[in-house]
Amino acid sequence: MIEIGERLLLVGEKREYFVKAGEGQFSTDRGMIDLTALAGMKSGDEIRTHLDVPFTVLRPRPTDFFVHAKRSGAPMLPKDIGMVIAYTGMNREDRVLDAGTGSGVAAIYFGNIAREVKTYEVRPEFARLAEKNIRNARLENVEVVAADMLEATGEFDVVHLDLTITPAHVEHAFSLLSPGGYLSCYTPFLEHTFVALDTAGPLFRDVHCYECMERELTRSARGTRPSTRVGHSGYVTIARK
């Protein structure tokens, strides 16, 4: 059953709203929605506005937090997060260290897969926002730490870095990884990628760099063609201890 304070998605015809159950009346151009009535409902139930316009009530998934969660900057795109998950083999037994939390979007994806995620963000205001987003995602296995990842201790199966990479970051990640564990570095510029590659090379036994180009298809009366959106976002370096 849906509880008061829970984040939800309300989906109607060409309309989608990211709301909290129990927060009074929500105004839309299709009428007012009583958010207090959401408590006790189930995902998939229907709620109607005072104008009798229906909306489907859904519990959000990580993709919805990518679209709707409040941001502190540009998060990693799902295609790049997917590469990290795929090439590290992240699974329900893993302990993951994530650094450069930002809005917490990647940590939300990881938290839905891994046993435990500890995510480091050096900027306190970003850490507070990420903590709020992660709590809204109802993930109790994700911990936000407002500190530099160079202060991190422990042993992890995957270390993911989304920050300005220095040799010290790569070297410290190596020290934190369990045997056979993976390092992932997301870098928007080749210069940072080269730092990751050059530092990881002597330390790790298997180092690869990937770029995922994405083109969405669009349809119109004239025909079907690739979208004109830019497909490049960044580079993902994967290294195995």
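Identification of the chain as Protein-L-isoaspartate carboxylmethyltransferase from Methanoculleus oceani is taken from an unreviewed UniProt entry.

### Here we look at the environment of Lys42
Tracing the chain through its elements places Lys42 in the loop between strand 4 (31-34) and strand 5 (46-48). Apart from residues lying up to four places away in sequence, Lys42 is in contact with Met1, Ile2 and Val57.

### Observations regarding the side chain of His160
Tracing the sequence through the fold places His160 in strand 10 (residues 156-161). Classification of His160 by relative accessible area gives buried; the value is 0%.

### A short note on the pattern of salt bridges
Under the counting rule described, the total for this entry stands at 11 salt bridges. Taking the shortest distance from any N to any O, the salt bridge between Asp29 and Arg30 comes out at 3.9 Å. For Arg30, a relative accessible area of 25% gives the class partly exposed. Glu46 is paired through a salt bridge with Arg48; the nearest N and O atoms lie 3.1 Å apart. Several salt bridges converge on common partners, so that one network encompasses Glu6, Arg59 and Arg138.

### A short note on the sheet that holds strand 9 (residues 142-145)
Read across the sheet, 7 strands follow the order 9-8-7-10-11-15-12 without closing on themselves; strand pairing throughout is mixed. Each end of this open sheet is capped by a strand with a single partner; those strands are strand 9 and strand 12 (206-210). Each strand of the sheet is rotated relative to its neighbour by a mean of 15 degrees, with strand direction disregarded. One ladder, built from 5 bridges, connects strand 12 with strand 15 (residues 235-240); its direction is antiparallel. Across the sheet, Val207 pairs through a bridge with Ala239, a residue of strand 15. Each of strand 11 (177-187), strand 12 and strand 15 touches helix 6 (residues 190-203); the most contacted strand, strand 15, lies at about 5 degrees to it.

What counts, and where the lines are drawn
- Residues numbered from 1 in each chain as written.
- Predicted model: local features only at pLDDT ≥ 70, side-chain atom pairs only at ≥ 80, totals over all residues.
- Heavy atoms only, no water.
- Helix = DSSP H or I, 4+ residues; strand = E, 2+ residues; numbered from the N terminus.
- Contact = heavy atoms within 4.5 Å.
- Buried < 20%, exposed > 50% of the residue type's maximum accessible area, 1.4 Å probe, protein only.
- Salt bridge = Lys/Arg side-chain N within 4 Å of Asp/Glu carboxyl O.
- Pairing = 2+ DSSP bridges.
- Axes fitted to C-alpha atoms, helices over the stretch in contact; angles between N-to-C directions.

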